[in-house]
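Here is how the chains run, residue by residue.
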Amino acid sequence: MNASTDVRLSSARPDELIGDTEQRRIELQLRQIGTDFAHAARVSALGELVTSIAHEVRQPLSVIVTDADTASRWLGRTDPNLAKVQQLVSRIKENALRANRVIQRIKDMAVRSDPVRQAIDINDIVKEAVLFIKAETEAHSISLRLQLAEELPSITGDRVQLQQVAVNLLINSIQAITQTATEDREIVVDTSQAEGETVSLTIRDTGGGIPAAALERVFEGFFSTKPDGMGMGLAICRSIITDHGGMIRAANCEPHGALFRVLLPASAPAEA
């Protein structure tokens with residue numbers, strides 16, 4: 001007679017098999033990969049804006065050279081006009097600081113760094129992003145209109161990452177307009193307090209809009225409506241906004257053009 005044997009089967013969830021320590025390590029690795037992708041996208045965006053950046057740096061440097069030359073001539077006179085020289089020196093200092101601010105903005109976007117969360121004014125993010133693309137809009141005769149609400153609650157987030165989102169969306173709008181044969185060339189950026197404790201950033205353009213079939217997929221990784229697009233810009237934008245507890249939406253405008261709306265939670269009073 002054969003002895004009977006009891007067999008007990010058990011199963012465990014993947015996270016139980018992995019263990020808490022290993023799971024945290026994997027989560028950190030995934031977050032690291034996301035940070036690396038975001039940094040690569042920032043560097044790529046800077047590459048697209050090289051003409052604009054060069055213009056932003058060259059302008060104050062040109063003023064510095066001109067003012068320094070003029071100041072030298074005033075000092076070289078028999079009766080130097082010290083008041084005029086002092087005025088020129090002040091302008092030289094002002095433009096040197098301006099050039100330094102441009103370089104600092106570029107450095108912030110280009111250098112890889114860990115995210116830093118702090119209370120931020122969404123209007124400041126918009127103004128900083130506009131400085132990056134201003135020369136591009138001027139070169140393509142695109143009107144840029146800002147409608148920024150006053151006294152908005154602050155948001156909590158990483159300034160460089162949120163700036164990256166705004167710059168990416170503005171670059172998309174510029175490219176959409178330049179690829180469309182339209183006389184109506186305008187980008188409108190507005191901020192407002194949305195429903196609940198939420199801050200809204202909306203960017204709309206007068207380009208060709210988003211194909212209906214692509215509207216639901218524009219935020220997918222490696223999906224692009226551009227022939228030479230990598231399909232990472234909007235995916236990274238969504239990743240950043242989601243990580244900040246917000247959401248981003250895309251829609252088409254009437255009679256033409258596209259609209260991107262970012263919603264971010266306002267900071268709690270203690271955070272602000």
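Located above this text is the structure these notes cover.
So, a few notes on the structure that sits alongside this text.

### So, the overall build of the chain
(1) Moving on: For the chain, the helix and strand inventory stands at seven helices and seven strands.
(2) Moving on: Ordered by position from N to C terminus, the α and β elements of the chain give α-α-α-α-β-α-β-β-α-β-β-α-β-β.
(3) Moving on: Evaluated residue by residue, the chain yields a buried proportion of 37% over its 272 residues.
(4) Moving on: Across the chain, contacts joining residues at least 24 apart in sequence account for 73% of those joining residues at least 6 apart.

### Quick look at the pattern of salt bridges
(1) Moving on: Within this structure, the stated rule accounts for six salt bridges.
(2) Moving on: The partner of R91 in a salt bridge is D67, and the shortest N-O contact between them spans 2.7 Å. Highlighted residues: R91 in helix α4 (residues 82-110) and D67 in helix α3 (residues 50-75), separated in sequence by 24 residues.
(3) Moving on: Looking at D67, the relative accessible area reads 2%, which means it is buried.
(4) Moving on: When the shortest N-O distance is used, the salt bridge between R159 and E128 registers 3.3 Å. Separated by 31 residues along the polypeptide, R159 in helix α6 (residues 159-178) and E128 in helix α5 (residues 122-139) bring together distant segments of the chain.

About the criteria used
Residues numbered from 1 in each chain as written. Predicted model: local features only at pLDDT ≥ 70, side-chain atom pairs only at ≥ 80, totals over all residues. Heavy atoms only, no water. Helix = DSSP H or I, 4+ residues; strand = E, 2+ residues; numbered from the N terminus. Buried < 20%, exposed > 50% of the residue type's maximum accessible area, 1.4 Å probe, protein only. Contact = heavy atoms within 4.5 Å. Salt bridge = Lys/Arg side-chain N within 4 Å of Asp/Glu carboxyl O.

What is shown is where atoms sit, not what they do.
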